[in-house]
Amino acid sequence: EAQVTQNPRYLITVTGKKLTVTCSQNMNHEYMSWYRQDPGLGLRQIYYSMNVEVTDKGDVPEGYKVSRKEKRNFPLILESPSPNQTSLYFCASSSGTTNNEQFFGPGTRLTVL
Amino acid sequence: EDQVTQSPEALRLQEGESSSLNCSYTVSGLRGLFWYRQDPGKGPEFLFTLYSAGEEKEKERLKATLTKKESFLHITAPKPEDSATYLCAVQVFGNEKLTFGTGTRLTIIP
């Protein structure tokens, strides 16, 4: 089954404790991206990657890092999480190197205390 | 700065009562406008891509249209299973970024 998977689905952590949210897709897609979704603000793009070793900033990259060492994986790293990073995070992928039809993962709900 | 505004924020309809959702945008050089559906607790699900003014796409009870300033998502004779939040997003030439609106929460009452 074609899908985007994210882990963990739920995470509660404390300020400053480094964490990684994994994202993996099995559709051989070149394009992958991370979004955060907050009430009243909608979906905002954090980072995107057009292919292996190619990443670029979206609208809200501060406080986040990403890497794309393999085509299928695109982890989101929070080196020193803060409470304002409490949010619902989505990973997405699409074929080609543009934002065509994107397939979204199920989401990761992160709470930073 | 690219802007996407969706209206209304929320819409309640009786089953079978047709209506339209609006997505207005202010961008320089539209490459594509996208519609997604999002159910509670789930990731968005792709519906349509529109590329140029005058273009229309249909899927079951949904029809999306595009002008130079806005897009409409028309819902004909909706059913309760059409209840969801509908999101639109835009992409401009020369930029791989997607800018989303805040969505319209649609509720269809049986």
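About the cut-offs
- Residues numbered from 1 in each chain as written.
- Chains lettered and ligands numbered in written order.
- Predicted model: local features only at pLDDT ≥ 70, side-chain atom pairs only at ≥ 80, totals over all residues.
- Heavy atoms only, no water.
- Disulfide = S-S within 2.5 Å.
- Helix = DSSP H or I, 4+ residues; strand = E, 2+ residues; numbered from the N terminus.
- Buried < 20%, exposed > 50% of the residue type's maximum accessible area, 1.4 Å probe, protein only.
- Contact = heavy atoms within 4.5 Å.
- Buried area = accessible area lost by both parts, 1.4 Å probe.
- Salt bridge = Lys/Arg side-chain N within 4 Å of Asp/Glu carboxyl O.
- Pairing = 2+ DSSP bridges.

### Some points on the state of the cysteines
So, point 1. Within the structure shown, the criterion is met by two disulfides over all chains.
So, point 2. Two residues, Cys23(A) and Cys91(A), share a disulfide whose sulfurs are 1.8 Å apart. Note on the Cys23(A) and Cys91(A) pair: the S-S dihedral is about -70 degrees, so by sign convention the disulfide is left-handed. Of this pair, Cys23(A) sits in strand 3 (residues 19–25) while Cys91(A) sits in strand 9 (residues 87–94), and the two are 68 residues apart along the sequence. Considered together, Cys23(A) and Cys91(A) belong to a single accessibility category, that of buried residues.
So, point 3. There is a disulfide in this structure between Cys23(B) and Cys88(B), and the S-S distance comes to 1.9 Å. Here the S-S torsion is close to 70 degrees, and the disulfide linking Cys23(B) with Cys88(B) is therefore right-handed. Of the two residues, Cys23(B) is situated in strand 3 (residues 19–26) and Cys88(B) in strand 9 (residues 84–92); the sequence distance between them amounts to 65 residues.

### Brief notes about the interface of chain B and chain A
So, point 1. Taken together, the contact between chain B and chain A spans 20 residues of the former and 23 residues of the latter.
So, point 2. Carbon and sulfur atoms make up 54% of the area that chain B and chain A hide from each other, which totals about 1,500 Å².
So, point 3. Considering only the side of chain B, the residues that lose the most area to chain A are Glu96(B), Lys97(B) and Phe100(B), jointly responsible for 34% of the buried surface there.
So, point 4. Viewed at the interface, chain A and chain B are joined by zero salt bridges.

### Some words on the pairing of strand 3 of chain A
Working note: regular strand, side chains alternate between the two faces of the sheet.
Residue and element names in this part refer to chain A.
So, point 1. Burial runs high along strand 3: five of the seven residues are buried.
So, point 2. Relative to strand 3, strand 1 (residues 4–7) runs antiparallel, the two being bridged by four bridges. Each bridged residue has a counterpart across the sheet, and for Asn7 the counterpart in strand 3 is Thr22.
So, point 3. Relative to strand 8 (residues 76–78), strand 3 is paired through three bridges, and the arrangement is antiparallel. From the neighbouring strand, Thr20 faces strand 8, where its bridge partner is Ile77.

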